[in-house]
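Below, each chain spelled out in residue letters.
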Amino acid sequence: MAGLKSIIALAFVLACGFLLVILSGALYQTWWTLFVVATYVLAPLPNFIFSKCSGNDDYYLSSNTNNGFKDFGQFLTSIFIVTGVCLPVVLAHASVISVPAMFMSIGGGALVYSTIIAYSTFFANEGDDF
Amino acid sequence: MPRNNYYSSDYDNRRICLFPFPSFTQFIERKRDLGVYVSGCLFALGWWFFIDAVVLSSSTDNVMGFEDWICGISSTLGMLIVNSIDKTRLTTDSFYGNSVATKARFLLFLGFALMAGGLAGSVTILILKHVVPEVGPNLNFGIEEVVQNVAIMLSSVVLWIAQNSESEYNYNYL
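Parameters and conventions
Residues numbered from 1 in each chain as written. Chains lettered and ligands numbered in written order. Predicted model: local features only at pLDDT ≥ 70, side-chain atom pairs only at ≥ 80, totals over all residues. Heavy atoms only, no water. UniProt positions renumbered as here; feature names shortened; annotations may be inferred. Helix = DSSP H or I, 4+ residues; strand = E, 2+ residues; numbered from the N terminus. Core = buried A, V, L, I, M, F, W, Y, C linked by side-chain atoms within 4.5 Å. Buried < 20%, exposed > 50% of the residue type's maximum accessible area, 1.4 Å probe, protein only. Contact = heavy atoms within 4.5 Å. Salt bridge = Lys/Arg side-chain N within 4 Å of Asp/Glu carboxyl O. Axes fitted to C-alpha atoms, helices over the stretch in contact; angles between N-to-C directions. Parallel < 35°, antiparallel > 145°, perpendicular 65-115°, else oblique. Left-handed = near helix turned anticlockwise from the far one by under 90°. Nonpolar A, V, L, I, M, F, W, Y, C, P; charged D, E, K, R; others polar.

Recorded in UniProt under Sequence similarities (unreviewed entry), the annotation for chain B is "Belongs to the UPF0220 family."

Looking up chain A in an unreviewed UniProt entry gives the name Vacuolar protein sorting 55, with the organism given as Gigaspora rosea. The annotation that UniProt attaches to chain A under Sequence similarities (unreviewed entry) is "Belongs to the OB-RGRP/VPS55 family."

Draft legend 1. Broad picture of the UniProt feature "transmembrane region" (unreviewed entry) in chain B. Residue and element names in this part refer to chain B. Residues given the UniProt feature "transmembrane region" (unreviewed entry) here are residues 34-51, 63-85 and 106-126. Segment residues 34-51 splits into 100% helix and 0% strand. End C-alpha atoms: 26 Å apart. For the annotated span residues 106-126, helix accounts for 100% and strand for 0% of the residues, and the straight-line distance between the end C-alpha atoms is 30 Å.

Draft legend 2. Summary view of the nonpolar core. Counting 31 residues, the largest nonpolar core has Phe75 and Ile97 of chain A together with Phe43, Trp48, Met64 and Met79 of chain B as the members making the most contacts within it. Secondary structure elements with two or more residues in this core: α4 (67-93) and α5 (99-122) of chain A together with α2 (31-59), α3 (66-83), α4 (98-131) and α5 (139-173) of chain B. Counting residues per element, this core draws most heavily on α2 of chain B, which supplies 9 residues. Among residues more than four places away in sequence, those in contact with Phe75 of chain A are Val36, Ser39, Gly40, Phe43, Met79 and Ser155 of chain B.

Draft legend 3. Molecular detail of the pattern of salt bridges. Residues and elements named next belong to chain B. Enumeration according to the criterion identifies 2 salt bridges over all chains in this entry. Residue Lys129 is joined to Asp68 by a salt bridge in which the shortest nitrogen-to-oxygen separation is 2.8 Å. Placement of the pair is Lys129 in helix α4 and Asp68 in helix α3, with a sequence separation of 61 residues. Relative accessible area serves as the criterion here: at 0%, Asp68 is assigned to the buried category. Here the salt bridges share partners, and the residues they tie into one network are Glu67, Asp68 and Lys129.

Draft legend 4. Quick peek at the packing of helix α1 (residues 4-26) of chain A against α5 of chain A. Residue and element names in this part refer to chain A. One can describe the packing of α1 onto α5 by two numbers: an axis separation of 8 Å at closest approach and a directional angle of 155 degrees. Here α1 is positioned roughly antiparallel relative to α5, judged by the angle of their axes. For the element pair α1 and α5, the recorded crossing hand is left-handed. For the pair formed by α1 and α5, the contact residues are Leu10, Val13, Leu14, Cys16, Gly17, Phe18, Leu20, Val21, Leu23 and Ser24 on the first element and Ala101, Met104, Ser105, Gly107, Gly108, Gly109, Leu111, Val112, Thr115, Ala118, Tyr119 and Phe122 on the second. Taken together, the residues of the contact of α1 with α5 break down into 15 nonpolar, 7 polar and no charged.

So this is what it looks like as structure tokens:
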């Protein structure tokens, strides 16, 4: 599964996502939509960090005590994901950016985040942390 | 275990597509993860509704003051308190002494009171500030504030259910 073709496809999708986000800023001369990329890049980080905190998975029976860290990481990750969607909607509602720019930045952000997710599931050595 | 999904093509000959589709039993297994994700989404959605109201009000006529923030802050504090309590401490009967369970229940009551206070306060603000003076477009701000507090409360409930159901599952497993 983790071949050269999938790497090229992922890179292509990532480039399309960045293209959409940058276009959404450049076409309308408002660069607020670039924050979408920042939130989507930050989104997997809490999950990654706190899954390392939650201890070894071999102690499956005692893992219930350490699950708080993992839960908090997942909580923060989903907050970041929703932020990536809601930020352009709020900006468009306040008429800072236009509605087409909103759709373009949401689509671009979704492409970038799905690339990160696909990369981490294809090339993860152990477990699906994200 | 869900971690073997991508390697299970060796074992499952019935699969047609290249990518494994998530089955329903897999969602049941990962119920806790799913619940936590849904809870985080609800929490963020609630706060974004409020931020939308604040941004709109500051770009038109500045009707949102600090009193509108209090409900959301109190709901969030209540959610923090409720979900940081160790659930097993609530039912400890006289093993650690009775005082632990009493303290835990008092803290839980405090958290729920903060959440309910936030919700009630948001409804109060909706009625007193936006419905009674009969100013038309400002009604949205009050409604968004109520939506924020309901979403935070729902998120807390979902988080509670997700964490508790998993612990029951573990007990059955043991």
